[in-house]
Amino acid sequence: METVRARYSGDRSTLFDLAAKSGLLTILTLGIYRFWMVTKLRQFYWSAIQIEGDPLEYTGRALEKLLGFLIALVILAIYLGVVNILLTFLGLSVTGGDPLIAQLAINLSILATLPLIFYAQYRGTSYVLARTSWRGIRFGLKPGAWGYTMRALGLVLLSIVTFGIMYPYQHFKLSKYITDRAAFGSQSFVQEGRWTLLLKPWLAVWGTIIGGAILIGGLASSGSGGSVLVSLLGVALYVVIFFVSTRYFFVAFQKIWSHKRLGETRFTSKIDPTQCTMITAGGAIMVGLASIVIAGLIGAAGYLLGTLLSDVFTGSVRLALPVGLASILGYLSMIVVAFALSNVLITHRIMAQKVGSMEIENLAAMAQSQQRAREEATEAGGFADALNVDVGIGV
């Protein structure tokens, strides 16, 4: 059977202009333009992914995302309000008025958002798939948000009680739950393989975290290592954990996608996890350095402008205006530049690696899918937006 390789054709300069303008408009509109920004970025990335010369299409609309966000905010406000009232009543009743324990009970409301985060992940993924199509055929995801939520809570608890060693089981099972409910037109996806595929790469992460924590904790408690040495080891451990954990997620992507099928169509990812890890790390360093430099230059320009404008003022206003204007312009420019560059230097390059390394066997079987009914927007991923849950490009 013929094997086809996907292609990524995004243009960096177009992406930078889009991300910079969208980021700036989002700031100027106090976040309202964010829904248009997310929509435009998804349209850019989706259209850059081509299979046999035909691009994916993202048909989501910014307005339906905004309305879904507002609906989700109302529901979240009611839910968290009720939870806070119940926890406050419980805390006062059980503790007999002890303010410390009562406050502890109230703080448990933070945990009440955890089920909503998993619910938002599933619903947000459902919306993105429902608004994605190829050759006019829509993708989709069957209902199952609460089933996903309950499984996720149980799997997180399992990871906690096993001190993180069972995290790959959690990762694989949640991915499988979504994949087995996803579809392209009339054909359903199936996640094959076992969770042990992820165990070996995860042990490198787990061993680094546990071993590093024991080493640093032992040095700190024994006093044999000075505070400078402990601090340096802490920084080194953070860097190593970043590298091994980032590489783990690329390895997981490779193994999970290489065990997916859609009917008689099979997928194989030949992504290079080490190369993608270096792209992520190098991109993050470049984004940080460039953002600081540009923020400094714009901040200096703002200071000079503020100095000129301050001539019409006297007293404390005349002193504060240059500093205030420089700080505001520098901070805002840093946000915009960091967002635009992270898209170009990290997201864009990682997308090129993921898509360009994807091989599709028996694409003809996939092309035989029949159209599926268009799903209603409902809250249009509004819970994911309200809880800032990442479910796709641009979120």
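Residue positions are counted from 1 within each chain, in the order its sequence is given. In keeping with the model being predicted, local features are shown solely for residues with a pLDDT of at least 70 and side-chain atom pairs are shown and tallied solely at 80 or more, while totals for entire chains, interfaces and linings include all residues. To get the side-chain values, take all heavy atoms of the structure and skip hydrogens and water.

To qualify as a helix, a DSSP run of H or I must reach at least 4 residues; to qualify as a strand, a run of E must reach at least 2; elements of each kind are numbered from the N terminus. Mapping Gln 187 onto the fold places it in strand E8 (residues 187-191). Using a 1.4 Å probe on the protein chains alone, a residue whose accessible area is under 20% of its type maximum counts as buried, one over 50% counts as exposed, and one in between counts as partly exposed. Exposure remark for Gln 187: the relative accessible area of 15% places this residue in the buried category. Polar contact criterion, stated in full: a pair of N or O atoms within 3.5 Å, where within protein one must be able to donate a hydrogen and the other to accept it, and residues adjacent in sequence count only if both atoms are side-chain atoms. A distance of 2.7 Å separates a polar atom in the side chain of Gln 187 from the backbone oxygen of Ala 365. Excluding its chain neighbours within four sequence positions, the residues that come into contact with Gln 187 are Leu 262, Gly 263, Glu 264, Ala 365, Met 366, Gln 368 and Ser 369. In what follows, residue pairs with any heavy atoms lying within 4.5 Å of each other are defined as contacts.

Time to look at the confidence of the model for the protein chain. Per residue, pLDDT captures the predictor's confidence, and it can take any value from 0 to 100. Counting all residues, the mean pLDDT for the protein chain is 85, and 84% of those residues have values of 70 or more. When pLDDT is averaged over each element of the protein chain, helix H7 (residues 167-179) comes out on top at 96 and helix H4 (residues 99-107) at the bottom at 59.

Look at H7: 18 Å from first C-alpha to last across 13 residues, which is about the 18 Å you get at 1.5 Å a residue. Buried within H7 are the following residues: Pro 168, Gln 170, His 171, Phe 172, Leu 174, Ser 175, Tyr 177, Ile 178 and Thr 179. The span expected for a helix works out to 1.5 Å for each residue beyond the first.

Lines are fitted to the C-alpha atoms to define the axes, a helix being fitted only along its stretch in contact, and any angle between axes, read from their N-to-C directions, falls within 0 to 180 degrees. Between helix H5 (residues 113-130) and helix H6 (residues 145-161), the shortest axis-to-axis distance is 8 Å and the interhelical angle comes to 130°. When the interaxial angle is binned, H5 and H6 end up oblique. Seen from above, H5 lies across H6 with right-handed handedness. For the pair H5 and H6, the contacting residues are Leu 114, Pro 115, Phe 118, Tyr 119, Gln 121, Tyr 122 and Arg 123 in the first and Ala 145, Trp 146, Tyr 148, Thr 149, Ala 152, Leu 153 and Val 156 in the second. The residue inventory of the contact of H5 with H6, partitioned by class, reads eleven nonpolar, two polar and one charged. Note on terminology: angles under 35 degrees are roughly parallel, angles over 145 are roughly antiparallel, angles of 65 to 115 are roughly perpendicular, and the others are oblique. If you view the pair so one helix is near and one far, a crossing is left-handed when the near helix is turned anticlockwise from the far one by less than a right angle, and right-handed when it is turned clockwise. All amino acids are sorted into three groups, where Ala, Val, Leu, Ile, Met, Phe, Trp, Tyr, Cys and Pro are nonpolar, Asp, Glu, Lys and Arg are charged, and the leftover types, Gly among them, are polar.

Two aromatic rings from Phe, Tyr or Trp, using only the six-membered ring of Trp, form a pair when their centres are within 6.5 Å; if the ring planes differ by under 30 degrees the pair is stacked, by over 60 it is edge-to-face, and anything between is tilted. On inspection of all chains with the given rule, the structure shows 20 aromatic pairs. Either the NZ atom of lysine or the CZ atom of arginine qualifies as a charge over a ring when it sits within 6 Å of the ring centre and within 35 degrees of the ring normal. Sitting over the ring of Tyr 177, Arg 181 keeps its end group 3.6 Å from the ring centre. One residue, Lys 354, lies across the ring of Phe 253, its end atom 4.6 Å from the ring centre.

The next point concerns the sheet that holds strand E11 (residues 358-361). When DSSP finds two or more bridges between a pair of strands, those strands are recorded as paired. Taken together, eleven strands build an open sheet; the order of strands is E1-E11-E10-E9-E8-E7-E6-E5-E4-E3-E2 and the sheet is antiparallel. Since the sheet does not close on itself, it has two edges, and those belong to strand E1 (3-5) and strand E2 (7-8), each with one partner. The pairing of strand E3 (residues 49-51) with strand E4 (residues 54-58) spans two bridges and is antiparallel. By the bridge assignment for E4, Ile 51 is matched with Asp 54. Sitting on the sheet, helix H2 (residues 34-48) is in contact with E2, E3, E4 and strand E5 (132-134), with an inclination near 160° to E4. Running at roughly 170° to E8, H7 makes contact with strand E6 (137-141), strand E7 (182-184), E8 and strand E9 (260-262) of the sheet.

Along E8, the buried face is formed by Gln 187, Phe 189 and Gln 191; none of Ser 188 and Val 190, which line the opposite face, is buried. Bridge count between E7 and E8: two bridges; the pairing is antiparallel. Within E8, the residue paired with Phe 184 across the bridge is Gln 187. The antiparallel hairpin formed by E7 and E8 contains two residues in its connecting segment, where Gly 185 sits at a positive phi of about 60°. Bridging between E8 and E9 involves three bridges; their strand directions are antiparallel. In the strand pairing of E9, Phe 189 is matched with Leu 262.

Tracing the chain through its elements places Ala 338 in helix H11 (residues 315-356). Looking at Ala 338, the relative accessible area reads 22%, which means it is partly exposed. Separated by 319 residues in the primary sequence, Ala 338 and Ala 19 place their C-alpha atoms 9.9 Å from one another. Look past the residues within four positions of Ala 338 in its chain and what remains in contact with it is Val 287 and Ser 291.

For E1 and E11, the ladder comprises three bridges, and the chain directions are antiparallel. The partner of Thr 3 across the bridge, within E11, is Glu 361. Here strand E10 (residues 265-269) runs beside E11; their pairing, made up of four bridges, is antiparallel. Paired with Arg 266 across the two strands is Glu 361, which belongs to E11.

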